[in-house]
2 protein chains.
Amino acid sequence: MDLRRLRYFVAVAEARGIGKAAERLRMAQPPLSVQIRKLEAEIGAPLFRRGTRGMDLTEAGQALLARASEALALAADGAEAARAVASGRRGRLSVGYMFVLANAMLPRLIPELRRSIPGVDLDFAELSASTREARLLDRSVTVALCMPAIHHPEIQVARIGAQRFMLAMPNRSPLARLGAVPMARLQGRPLIALPPPEQDPASSAVAALLRRHQIVMPIASRVETVHSAMSLVLAGEGLAILPACAQLGAPRGIVFRPLRDVSDSLDIAVCWRRDSQSPLIKTFLKCAEKAVARL
Amino acid sequence: MDLRRLRYFVAVAEARGIGKAAERLRMAQPPLSVQIRKLEAEIGAPLFRRGTRGMDLTEAGQALLARASEALALAADGAEAARAVASGRRGRLSVGYMFVLANAMLPRLIPELRRSIPGVDLDFAELSASTREARLLDRSVTVALCMPAIHHPEIQVARIGAQRFMLAMPNRSPLARLGAVPMARLQGRPLIALPPPEQDPASSAVAALLRRHQIVMPIASRVETVHSAMSLVLAGEGLAILPACAQLGAPRGIVFRPLRDVSDSLDIAVCWRRDSQSPLIKTFLKCAEKAVARL
DNA sequence: CATTGGCATACCGAAAACGTATGGGTTGGC
DNA sequence: GCCAACCCATACGTTTTCGGTATGCCAATG
């Protein structure tokens, strides 16, 4: 059962004659006649009534015609759909993001994406650092928004911005009255920390910052998410050193203050598999850059 | 876009490898590899990711796969449907019947047909003699139940029974007291006649019967249908000479009596186009014979 | 009876597909 | 760290299939 035969069959049925169909198909009449007979032999029943003035579908031919034209349309549509996906006009873009970036970026990023690639289904998932890496590698997400970037030989990274570290504290804290907090004021205060460096590279940047200023902050709690960290800060359990964009998702009662003479920051990066040939990535990158531009 | 390529593509996608798919398709691995690459060239995008342990669909490949397997199924289904129609397992059987036979035959014929050819859509139409012929010729009905048969070079006839002529009269008529009515008693009485012979061959049989017995019955009315004829008989407008089976549809107040020493009858026949190769015809014929058997 | 219109058949050259042999890259074991 | 195993890609010769040209057959038409 060859698709070309079906195409010929449909043409003959529509033209109601082999000669006219051959003309329409830009081919000679005899080979078309042969193909139609071969199709009939394959089916095992005549599909046309040969009259003296052209050909006419039999009942069996009518039954075939409906399915054949649908099959032709489906095949053409399949090819077109594959091309559309390959070119990025359609498809699915699965984005793994991290919690802290959600409030800062998604409200600008999502509309931008919908405008740029309207035919593409978007799929956002908030994932931890290690999960983002794993799901990039197994391709169940296409791109990840990370802070900081993932380092892995299979993964490519584009830096699209950075976020200063700031100090998060309850608004009743005496430090909140300062415009910028000197590092020395942190000495000995309890710290609400994120998962250790091997799970979340942001922690190592915080640790490096403290080490450089020779500040020791005892770890009051380790929490999984920035959201939890801010809850504990609000509860007076300790202070947290977080990227500036965390402010946007901060609950009432938390204030952020810059650290005086500290310019340490975390890179915001888009990460994807080096071998991913998805054409959506470069579009995503542009949109993400726009979204990060006026953070 | 060739259906074979799509078949190969689906096989490779399902087997997740060219080698395994080739085995399943009973062919060598290299030509399958070539076909897949040709399909990719035709689409203009890679459909598989070549890994070291087989092949894996790209997004574009996934988009194609869904449509391709549907198209394959449709093509196969189309072939099967055509075969089913050609063999008479499915399809449509359009039956043109005449009014007088409806009450006598349809209640037995229709259930018989549904049992014999359950997959076939039945389509019954009550048609006048000339319309039956016309619609047989233009193939808009497959078979016709006729009384008497249609004579036409393109039309084939199978006689399946016969119906004696009887006299229809109101039950208050003095003739109704007789067991059988002698022809002489009809002399001069008004006749309710059906359309003239050129439109309805039954009329010529009635005319021949009267002529042979040298009876003259003035025509009180010509009506289109047997039903109308019986209405006028009931109204006392005249008598009608009708095939016996008309009794079954007769209104209350009409009685039928045989004509003494008259054995004239009308053939009940199944008619169809000589060149119709519908396999349903012979089945229909069997069912019609059964239905007519105990009339 | 010749002509026309339409499909079928015959034959030949061209294109496509299949099989065998072989290359190349990666994985996994000794 | 080398060798074997696995899997896909390429090359080439053979076979099948397809399309074009020439021609035949049949029916309808004038």
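Small disclaimer: the values here were computed from a predicted structure and weren't measured.

Colleague: What exactly am I supposed to notice about the overall build of chain A here?
Modeller: Within chain A, the secondary structure is distributed over 9 helices and 11 strands. Along the longest, intermediate and shortest principal axes, the C-alpha atoms of chain A span 105 × 35 × 25 Å. Across the 295 residues in chain A, those meeting the buried criterion constitute 51%. Excluding contacts between residues fewer than 6 apart, the proportion of contacts in chain A whose partners are at least 24 apart in sequence is 74%.

Colleague: When you look at helix H4 (residues 59–87) of chain B in this model, what are you seeing that I'm missing?
Modeller: Side chains three or four residues apart in an α-helix point the same way, a direct result of the helix having 3.6 residues per turn. Along its 29 residues, H4 of chain B runs 42 Å from first to last C-alpha, staying within 8% of the 42 Å computed at 1.5 Å per residue. Positive phi appears at Gly88 of chain B, one or two residues downstream of H4 of chain B, with a value of about 90°.

Colleague: Explanation requested: the side chain of Arg273 of chain A in the structure shown.
Modeller: Residue and element names in this part refer to chain A. In this fold, Arg273 is placed in strand S11 (residues 265–273). One polar contact links Arg273 to Asp275, side chain to side chain, over a distance of 2.7 Å. The contacts of Arg273, once residues within four sequence positions are left out, are Leu136, Leu137, Arg139 and Glu154.

Colleague: Can you help me understand the protein's contact with DNA strand D in this one?
Modeller: Close to DNA strand D lie 22 residues; Tyr8 of chain A together with Gly19, Ser33, Arg37 and Arg50 of chain B are nearest. Counted by atom, the contact set of DNA strand D within 4 Å of the protein is 71% sugar and phosphate. Between DNA strand D and Ser33 of chain B, the relevant distance is 2.6 Å, taken from a phosphate oxygen to a side-chain nitrogen or oxygen of the residue. Elements with a contribution of two residues or more to the surface near DNA strand D: helix H1 (3–15) and helix H3 (29–43) of chain A together with helix H2 (18–24), helix H3 (29–43) and strand S2 (54–57) of chain B. Grouping the constituent residues of the surface near DNA strand D by class yields 8 nonpolar, 7 polar and 7 charged.

Colleague: Looking at this structure, how should I read the pattern of salt bridges?
Modeller: Pairs can form between side chains of opposite charge once their charged atoms are near each other. All names here are of chain A. Scanning the model with the defined rule gives 32 salt bridges over all chains in all. Among the ionic pairs, Asp2 bridges to Arg4, the shortest N-O distance being 3.7 Å. According to the relative accessible area criterion, Asp2 is buried, its value standing at 14%. Taken together, the salt bridges that share partners define one network made up of Arg139, Glu154, Arg273 and Asp275.

What counts, and where the lines are drawn
- Residues numbered from 1 in each chain as written.
- Chains lettered and ligands numbered in written order.
- Predicted model: local features only at pLDDT ≥ 70, side-chain atom pairs only at ≥ 80, totals over all residues.
- Heavy atoms only, no water.
- Helix = DSSP H or I, 4+ residues; strand = E, 2+ residues; numbered from the N terminus.
- Buried < 20%, exposed > 50% of the residue type's maximum accessible area, 1.4 Å probe, protein only.
- Contact = heavy atoms within 4.5 Å.
- Expected span 1.5 Å × (residues − 1).
- Polar contact = N/O pair within 3.5 Å; in protein donor to acceptor, adjacent residues only side chain to side chain.
- Near = heavy atom within 4 Å.
- Nonpolar A, V, L, I, M, F, W, Y, C, P; charged D, E, K, R; others polar.
- Salt bridge = Lys/Arg side-chain N within 4 Å of Asp/Glu carboxyl O.

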